[in-house]
Amino acid sequence: MSLDFLPMPDEKGYFGEYGGQVIPPQLKQVMDDINDAYEKVSQTDEFIQELAALNADYAGRPSPIYFARRLSEKCGGAGIYFKREDLNHTGAHKINHCLGEALLARYMGKTKVLAETGAGQHGVALATACALVGIDCEIHMGEIDIQKEHPNVTKMKILGCKLVPVSRGTRTLKDAVDSAFEEYLNDPVNYFYAIGSVVGPHPFPKMVRDFQKVVGVEARQQFLDKKGRLPDIITACVGGGSNAIGLFTAFLQDENVKIVGVEPAGKGLDTDEHAATLTLGTKGSIHGFECYNLQDDQGNPLPVYSIASGLDYPGVGPQHCYLKDIQRVEYETADDKECLDAFMTLSRLEGIIPALESAHAIAYAMRTAATMNSDQSILVNLSGRGDKDVDFVAKRLAL
Ligand SMILES: *Cc1c(COP(=O)(O)O)cnc(C)c1O
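Student: I keep staring at the site of the ligand and nothing clicks. Help me out?
Tutor: Around the ligand there are 16 residues in total, and Lys94, Ser197, Gly241, Ser242 and Ser383 lie nearest to it. Side-chain polar atom of His93 to an oxygen atom of the ligand: 3.1 Å apart, as the coordinates give it. Ser242 places a side-chain nitrogen or oxygen 2.7 Å from an oxygen atom of the ligand. With the chains in place, 96% of the 380 Å² that the ligand exposes on its own is no longer accessible. When its residues are assigned to classes, the shell around the ligand shows 4 nonpolar, 10 polar and 2 charged.

Spelled out as structure tokens, the structure:
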């Protein structure tokens, strides 16, 4: 395998033919300024040390690697290990890039950090980072989502961010994106739009990846320390792709490590209700960058669905598109039913309630471990904890 594709992206923000900047001309300069500031600031000792200290003392890094003995015995075959991002402050991997983005916004002298949120996970992580860093935060959220996601809405209010309810259109994530983006265009020089995954225009896919890659850097060393070798397979769920690329980056050059991203098959790949963008999508652009998309004949995003709201996005990070094309990473799927089964199995065998997003990767690991030998191992990124999902699952399974 040729590995000349590292490092990526190129200076225009392309990973092969994906990524770039598909944006209105007035934003080009703003994005280039963010890129320049990021390249400069992120190399300074001050920034590196401040972020490292926050990761350690505030977020609780490094997160441990855990061998799931009972789960592995139940599946039979390979040992299943978890990178415990669920143990981070705020309960998921998102704090890793939110801290980086909030710090960068402060270093750049921005007056306000803006974002949209769907289920509220990105909103809470960002509001947390902004409270810590001391910068104003404004989150746009659809009215339907506000009704559905009460605990996260309350958290954001307590954390002191300005919550803007969006009453237009479907009153969900899609309209919240438009609303937040309009506000951003009012003053892009002084506002910072904090993107919540490895998506959006250059430099965000690169920047968010860089802030997340600590996950894989830690995991690789921890696994070597524990086992004296690398895992046979590493895997993570893929929505926009930030927790996955965070784990994968440190392993891309390890030719003997098979890397698998897991997309949500929802109610089935043969239905319209899934969000398996890399598996079934076609090339196009969305939200300022080029990638595989679930789109109609006119190039409009299709409605997508997953039982895990953090995974229902019709685009996907450009680096994943590239890694798929060059076949360095394989992309598989898990459906709602497998996800729920993995959610309950991990809870009952290990006492760990995973996020429904993460449960997709766990489902893949469970079915794959069973086909492997007992001296082999699979490392799963447990991207977040499932506290947010317990009421939904209890109702769905009539517990
Ligand atoms: C948001 C979220 C995801 C999906 O986002 P990626 O950018 O694909 O990682 C996955 N897991 C958890 C716990 C999340 O909160």
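Student: What exactly am I supposed to notice about unusual backbone geometry here?
Tutor: Geometrically, the link from Arg61 to Pro62 is a cis peptide bond, its omega value of -5° lying close to zero. If you trace the backbone, Pro62 turns up in the loop between helix H2 (45-59) and strand E3 (65-67). Here the residue pair His202 and Pro203 is connected by a cis peptide bond, since its omega of 15° sits within 30 degrees of zero. Mapped onto the elements of the fold, Pro203 is located in the loop between strand E8 (191-193) and helix H9 (204-212). The backbone of Arg171 sits at a positive phi, close to 55°, despite the residue not being glycine. Checked against the element boundaries, Arg171 lands in the loop between strand E7 (162-166) and helix H8 (173-186). We classify Arg171 as partly exposed; its relative accessible area is 28%. We note that His287 has phi near 45°; this positive angle belongs to a residue other than glycine. By secondary structure assignment, the location of His287 is in the loop between strand E11 (282-286) and strand E12 (289-293). Here His287 falls in the partly exposed class, since its relative accessible area comes to 42%.

Student: Hey, could you run me through the domain arrangement of the protein in this one?
Tutor: Accessible area lost upon the coming together of the parts serves often as the stated size of an interface. Segmentation of the protein into domains returns domain 1 (22-54 + 94-209) and domain 2 (62-91 + 214-396). Averaged C-alpha coordinates put domain 1 and domain 2 at centres separated by 24 Å. On the side of domain 2, 24 residues touch domain 1, which itself brings 18 residues to the contact. Roughly 1600 Å² is buried in total at the junction of domain 1 and domain 2, and carbon and sulfur atoms are behind 63% of that figure. In terms of surface lost to domain 2, no three residues of domain 1 exceed Val22, Val198 and Arg209, which account for 32% of the buried area on that side. For the pair domain 1 and domain 2, the interface holds 5 residue pairs in polar contact (both at pLDDT 80 or more). Of all the secondary-structure elements, those providing two or more residues to the side of domain 1 that touches domain 2 are helix H4 (94-107), helix H5 (121-133) and H9.

Student: Would you take a moment to explain the pattern of salt bridges for this structure?
Tutor: Two side chains carrying opposite charge are able to pair once their charged atoms lie near each other. Per the counting criterion, the structure on display carries 24 salt bridges. With a closest N to O distance of 3.8 Å, Arg367 and Glu332 form a salt bridge. With Arg367 in helix H15 (residues 356-369) and Glu332 in strand E13 (residues 329-335), this residue pair connects regions lying 35 residues apart in the sequence. Residue class for Arg367 comes out partly exposed when judged on its relative accessible area of 32%. A single salt-bridge network, built from bridges that share partners, covers Arg61, Lys83, Glu85 and Glu218.

About the cut-offs
Position numbers for residues count from 1 along each chain, tracking the sequence in the order it is written. Local features in a predicted model are, by the rule used here, given only for residues with pLDDT of at least 70; side-chain atom pairs are given and counted only at 80 or more, and totals for whole chains, interfaces and linings are based on all residues. Only hydrogens and water are set aside when side-chain values are computed; all heavy atoms of the structure are taken into account. One heavy atom suffices: a residue is near a molecule or strand as soon as one of its heavy atoms comes within 4 Å of it. For this analysis, a polar contact is any N or O atom pair within 3.5 Å, provided that within protein one partner can donate a hydrogen and the other can accept it, and provided that sequence-adjacent residues contribute only side-chain to side-chain pairs. Residue exposure ignores everything except the shown protein chains as possible cover, and the areas themselves are Shrake-Rupley values with a 1.4 Å probe. Here the term charged refers only to Asp, Glu, Lys and Arg, the term nonpolar to Ala, Val, Leu, Ile, Met, Phe, Trp, Tyr, Cys and Pro, and the term polar to all other amino acids, Gly among them. Each helix is a run of H or I in the DSSP string that is no shorter than four residues. Each strand is a run of E no shorter than two, and both are numbered from the N terminus. The buried label applies to any residue whose accessible area, calculated with a 1.4 Å probe on protein chains only, is under 20% of its type's maximum; exposed applies above 50%, and partly exposed to all values in between. Residue ranges assigned to each domain were obtained from an automatic or database domain assignment. Throughout, a contact is declared for two residues whenever any of their heavy atoms are within 4.5 Å. Once two parts are joined, some of their accessible surface, as seen by a 1.4 Å probe, is lost; buried area is that loss totalled over both. Should a side-chain nitrogen of Lys or Arg be within 4 Å of a carboxyl oxygen of Asp or Glu, the pair is scored as a salt bridge.

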